[in-house]
Amino acid sequence: MTDETPPPPPPPGGGSYPPPPPSSGGSAPPPPGPALPTESYTPWATRALAFIIDNIPVAILVGIGYVIQMVTMQQTCVGGGPYGGQYCVDQPSGIGNIVYYLALLAAFAFAIWNNGYKQGITGQSIGKSRMKFKVVSEKTGQPIGFGMSVARMFAHIVDALPCYVGYLFPLWDAKRQTLADKIMTTVCLPADRG
């Protein structure tokens, strides 16, 4: 007489149980299911600093365009208003407007490259790599790709709508997610985390 229990019956519909997942020598994505402890996710202050770092080049490009637009202003005067005399107004010059809009376009292109392509492929924008964390899919633990990263960038509009409160969600959320993270099912994890 033995104390062995019989193996469980095969699943209904024939077939067999799925094989166990292969063991990889490297880091495996976190399994779906219960969330990690809150301390495992990137803190709000670290994310805020990365946001500032990511937006410094954008601010510089837009600022250069704006300054050039302002210093190339032209004064236009019109005479003979209802009270006589002359009425003058400053307006941006043609070249000033061209430079300003080219600077806006360059800033937008940089943001798409940094927050879309670079972050989508590696999980890290310039700011996130400096602050040593990455944006990954909550389900797979892998970077989310270019298209989803661009969509996440635009999903941050939702964070700004209710008086920017969506950006403050990581202060009290268990997974430290913004509203955009919840929409896109992404989380921010330390870059060295396996």
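If you're wondering where the values come from, they're calculated on a predicted model, not measured in any experiment.

Cut-offs applied
Residues numbered from 1 in each chain as written. Predicted model: local features only at pLDDT ≥ 70, side-chain atom pairs only at ≥ 80, totals over all residues. Heavy atoms only, no water. Helix = DSSP H or I, 4+ residues; strand = E, 2+ residues; numbered from the N terminus. Buried < 20%, exposed > 50% of the residue type's maximum accessible area, 1.4 Å probe, protein only. Contact = heavy atoms within 4.5 Å. Polar contact = N/O pair within 3.5 Å; in protein donor to acceptor, adjacent residues only side chain to side chain. 1 Å grid on protein atoms, 1.4 Å probe; cavity = no way out; pocket = protein on both sides within 12 Å on 5 of 7 lines; lining within 4 Å. Points joined across faces, edges and corners; volume = space filled by probe spheres on them. Nonpolar A, V, L, I, M, F, W, Y, C, P; charged D, E, K, R; others polar. Axes fitted to C-alpha atoms, helices over the stretch in contact; angles between N-to-C directions. Parallel < 35°, antiparallel > 145°, perpendicular 65-115°, else oblique. Expected span 1.5 Å × (residues − 1). Bend = angle between axes of the 7 residues up to and from the residue. pLDDT = per-residue confidence, 0-100. Phe/Tyr/Trp six-rings, centres within 6.5 Å; stacked < 30°, edge-to-face > 60°.

Asks: Any chance you could explain the overall build of the protein chain here in plain terms?
Replies: When its secondary structure is counted, the protein chain shows five helices and four strands. Secondary structure elements in the protein chain, listed N-terminal to C-terminal, are α-β-β-α-α-β-α-α-β. The 194 residues of the protein chain split such that 28% are buried. Counted over contacts in the protein chain with a minimum sequence separation of 6, partners at least 24 positions apart contribute 63%.

Asks: How do you make sense of the side chain of Thr 42 when you look at a structure like this?
Replies: Of note, Thr 42 is situated in the segment before helix H1 (44-71). With relative accessibility at 3%, the residue Thr 42 sits in the buried group. One polar contact links the side chain of Thr 42 to the main-chain amide nitrogen of Leu 189, over a distance of 3.5 Å. Beyond its immediate stretch of four places on either side in the chain, Thr 42 contacts Arg 47, Phe 133, Arg 176, Cys 188, Leu 189 and Pro 190.

Asks: In this structure, what is going on with the layout of surface pockets? I would like to understand it.
Replies: Think of a ball as big as a water molecule: rolled over the atoms, this probe shows where empty space is left. In this structure, the largest pocket encloses a volume near 670 Å³. What lines the largest pocket is a set of 24 residues, among which Phe 51, Asn 55, Asn 115, His 156 and Tyr 167 lie closest to the centre. Sorting the residues of the lining of the largest pocket by element identifies H1, helix H2 (94-122) and helix H4 (146-160) as the ones contributing at least two each. For the lining of the largest pocket, the element with the most residues is H1, which contributes nine residues. When grouped by side-chain class, the residues that make up the lining of the largest pocket number 14 nonpolar, six polar and four charged.

Asks: How should I be thinking about the packing of H1 against H2 in this particular structure?
Replies: Between two packed helices, both the angle of their axes relative to each other and the distance between the axes serve to describe the pair. The contact between H1 and H2 brings their axes to 7 Å, and the two run at 175 degrees. Comparing the axis directions of H1 and H2 gives the class roughly antiparallel. For the pair formed by H1 and H2, the contact residues are Asp 54, Pro 57, Val 58, Leu 61, Val 62, Gly 65, Tyr 66, Ile 68 and Gln 69 on the first element and Gly 96, Asn 97, Val 99, Tyr 100, Ala 103, Leu 104, Ala 106, Ala 107, Phe 110, Ala 111, Asn 114 and Asn 115 on the second. A class-by-class count of the residues in the contact of H1 with H2 yields 14 nonpolar, six polar and one charged.

Asks: Where do I start with H1 in this structure?
Replies: Think of an α-helix as 3.6 residues a turn; residues three or four steps apart then line up on the same face. If you check H1, its first and last C-alpha atoms are 39 Å apart, about what 28 residues at 1.5 Å a residue would give, namely 40 Å. Roughly 35 degrees is the biggest bend found in H1, and it falls at Asn 55, with proline Pro 57 one to four residues downstream. Restricting attention to buried positions, one finds in H1 the residues Thr 46, Arg 47, Ala 50, Asp 54, Val 58, Gly 65 and Gln 69. Contacts from the buried residues of H1 go to H2, helix H3 (126-130), strand E3 (133-137), H4, helix H5 (179-184) and strand E4 (186-190).

Asks: Which parts of the structure should I look at to understand the confidence of the model for the protein chain?
Replies: In regions of low pLDDT, the predicted coordinates are not meant to be interpreted in detail. Confidence along the protein chain averages 85 in pLDDT terms, with 79% of residues attaining 70 or more. No element of the protein chain has a lower mean pLDDT than strand E2 (residues 86-91), which averages 81, and none a higher one than H3, which averages 97. Counted against residues more than four places away or in other chains, residues 28-32, with its pLDDT under 50, gives eight contacts.

Asks: How should I be thinking about the packing of aromatic side chains in this particular structure?
Replies: The geometry of an aromatic ring pair comes down to the distance between the two centres and the angle between the two planes. Using the criterion set out here, one finds five aromatic pairs in the structure. Connected via pairs of aromatic rings, a cluster forms that spans Phe 51, Tyr 164 and Tyr 167.

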